Amino acid sequence: MGGSYLLLVSLCWSKAVDGACPEDGISAVASDNMTWPPGFDLAVGNVTLDFPFLLDLETSRLSGLQIVSGGRLVFSPTAGLAKLITDYVVIKDGGSLEIGSEDCPFVGQAEILLTGIRGAYDSVDGEKFISVHSGGRLEIHGKPRNPGT
C-alpha cells in the first residue's frame, strides 16, 4: 500500500538587511528551463543536482533527488508555493537543501511531499526519506516562534 508524507513549511518573516539570502544570485530557475544547464531535466525520474537551483514551482513526481557537491536546492520565498515531490532526497558532501537561512528567514510557503511504495526501496537510508550525509547541509529557517502563543 502506497502512502505519502508531507512536510509543510509556511513561514512569514521579513528578510534580514545584512545577510545575503539563499536565493540571491541563483540563475537556474525551475520555472524557466532556458536557465537550466544543458542536459538537465527536472521531469526525469531520478535527478542529480550539481549546481545551484531555485525551486519556484511544484515539481512533477521524481523517483529520487540527489544533491551532490556544488548542488544547492533553494526554495523560492517569492513563489506562491515551492513544492518538491519525490520518493527521497539524499544530500551528499558539498550539497545543500535550503529553505531560508539564519540571516534571511523564509517568507513563503514550501512543501516537501515524500512519496513511494513501502518495501520498494533498497537503501540503507530507509523509505520516503531526507538523508543528509557527512558534509551535506539541510537548512530550514523561518520566523522564530513566540513561546507564549
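Residues numbered from 1 in each chain as written. Predicted model: local features only at pLDDT ≥ 70, side-chain atom pairs only at ≥ 80, totals over all residues. Heavy atoms only, no water.

### Concerning the overall build of the protein
Convention followed: Under the DSSP-based scheme used, a helix requires at least four consecutive residues in state H or I and a strand at least two consecutive residues in state E, with every element numbered from the N terminus. For every residue, the accessible area (1.4 Å probe, protein chains only) is compared with the maximum for its type, and the residue is labelled buried under 20%, exposed over 50%, or partly exposed between those bounds. The contact criterion used throughout is that any non-hydrogen atoms of two residues lie within 4.5 Å. Surface accessibility follows the Shrake-Rupley procedure with a 1.4 Å probe radius. Residue values consider only the protein chains on display as shielding.
A tally of helices and strands in the protein yields zero helices and eleven strands. Reading the protein from its N terminus to its C terminus gives the helix and strand order β-β-β-β-β-β-β-β-β-β-β. The buried share of the protein, reckoned over its 149 residues, is 43%. Considering only residue pairs separated by 6 or more positions, the protein has 66% of its internal contacts joining residues 24 or more positions apart. Accessible surface, the protein: about 8,000 Å² in total, of which carbon and sulfur atoms supply 51%.

### Section: the side chain of Glu 111
Let me state the cut-off plainly: Whenever two N or O atoms come within 3.5 Å, that pair is a polar contact, provided that in protein one can donate a hydrogen and the other can accept it, and provided that, for residues adjacent in sequence, both atoms are side-chain atoms.
Positionally, Glu 111 belongs in strand 9 (residues 109-114). Only 3.4 Å separates the side chain of Glu 111 from the side chain of Lys 83, close enough to count as a polar contact.

### Points about the pairing of strand 4 (residues 64-67)
Keep this limit in mind: At least two DSSP bridges between two strands are required for those strands to pair.
As paired elements, strand 2 (residues 46-49) and strand 4 share four bridges and run parallel to each other. By the bridge assignment, Val 47 is partnered in strand 4 with Leu 65. Relative to strand 7 (residues 89-91), strand 4 is paired through three bridges, and the arrangement is parallel. In the strand pairing of strand 7, Ile 67 is matched with Ile 91.

### Notes on the pattern of salt bridges
The criterion, for reference: Each salt bridge in this description consists of a side-chain nitrogen of Lys or Arg and a carboxyl oxygen of Asp or Glu lying within 4 Å of one another.
Summed over the entire model, instances satisfying the criterion amount to five salt bridges. With a closest N to O distance of 3.0 Å, Glu 98 and Arg 137 form a salt bridge. Taken together, the residues Glu 98 in strand 8 (residues 96-99) and Arg 137 in strand 11 (residues 137-140) connect sequence positions 39 residues apart. We classify Glu 98 as buried; its relative accessible area is 5%.

### Examining the nonpolar core
Convention followed: Note on terminology: a nonpolar core comprises buried Ala, Val, Leu, Ile, Met, Phe, Trp, Tyr and Cys residues joined through side-chain atoms within 4.5 Å.
The biggest cluster of nonpolar side chains holds 25 residues, and the ones touching the most others in it are Phe 53, Leu 73, Phe 75, Leu 84 and Leu 97. Going through the elements one at a time, strand 2, strand 3 (52-55), strand 4, strand 5 (72-75), strand 6 (82-86), strand 7, strand 8 and strand 9 are the ones with two or more residues in this core. The element that contributes the greatest number of residues to this core is strand 9, accounting for three residues.

### Quick word on the sheet that holds strand 8
Stated formally: To obtain an axis, a line is fitted to C-alpha atoms, over the contacting stretch when the element is a helix, and the angle between two such axes runs from 0 to 180 degrees between their N-to-C directions.
Taken in spatial order, the four strands line up as 3-5-8-11 in an open sheet, and their pairing is parallel. The outermost strands of the open sheet, each flanked by one partner alone, are strand 3 and strand 11. Each neighbouring strand pair of the sheet contributes to a mean axis angle of 15°, computed without reference to strand direction.

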